[in-house]
Amino acid sequence: MSLAQLSGDWHALAVLFVAGVVPNQIWRMLGLWFGGGIDEGSELLVWVRAVATAILAGVIAQIVVEPPGALASVPDALRYGAVGAGLVAFLLTRRSIFAGVVTGEVFMLAGKWWLG
């Protein structure tokens, strides 16, 4: 297989890169530049962290209650069990969102594999 067959139309990839990656990187760099001097314990960052956590919780709740696509084939008990496992991991790891999300995902994938 040649590189041209693997990558497809390079013009489309270039447009995707310019339209999708570049604008996001600009905002990330501005965030680093403006946020570099902000104290991590400041009220602004505490509020931003709270909003980000609330958005993540809302998305997870919507996915669990009304699962889209292939997730609808996962039994309710397994979905709610994954949320519970993620919550326990979140609390045991000193409120690590990363640990909670990864634990919930691993729990659901292992449960789906076990159920077949």
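Above: the structure in question.
Since the model is a prediction, treat every value here as computed from it, not as a measurement.

Parameters and conventions
Residues numbered from 1 in each chain as written. Predicted model: local features only at pLDDT ≥ 70, side-chain atom pairs only at ≥ 80, totals over all residues. Heavy atoms only, no water. Helix = DSSP H or I, 4+ residues; strand = E, 2+ residues; numbered from the N terminus. Axes fitted to C-alpha atoms, helices over the stretch in contact; angles between N-to-C directions. Left-handed = near helix turned anticlockwise from the far one by under 90°. Contact = heavy atoms within 4.5 Å. Nonpolar A, V, L, I, M, F, W, Y, C, P; charged D, E, K, R; others polar.

Engineer: In this structure, what is going on with unusual backbone geometry? I would like to understand it.
Structural biologist: Where the residue is not glycine, phi is negative for most of them; where a peptide bond is considered, it is trans in most cases. Even without being a glycine, Arg-94 presents a positive backbone phi close to 55°. Mapped onto the elements of the fold, Arg-94 is located in the loop between α4 (76-92) and α5 (97-115). Phi is positive for Arg-95, which is not a glycine, with a value near 65°. Among the structural elements, Arg-95 can be located in the loop between α4 and α5.

Engineer: Just to check I follow, could you spell out the packing of α4 against α5 for this structure?
Structural biologist: Helices that pack against each other are described as a pair by the angle of their axes relative to one another and the distance between those axes. Following both chains from N to C, one finds α4 and α5 inclined at 150°, their axes separated by 7 Å at the closest point. As for the relative orientation of α4 and α5, their crossing is right-handed in sense. Contact with α4, carried on its side by Leu-78, Arg-79, Gly-81, Ala-82, Ala-85, Gly-86, Ala-89 and Phe-90, involves Ile-97, Ala-99, Gly-100, Thr-103, Gly-104, Phe-107, Met-108, Gly-111, Lys-112 and Leu-115 of α5 and no other residues of that element. Its residues placed into classes, the contact of α4 with α5 shows 10 nonpolar, six polar and two charged.

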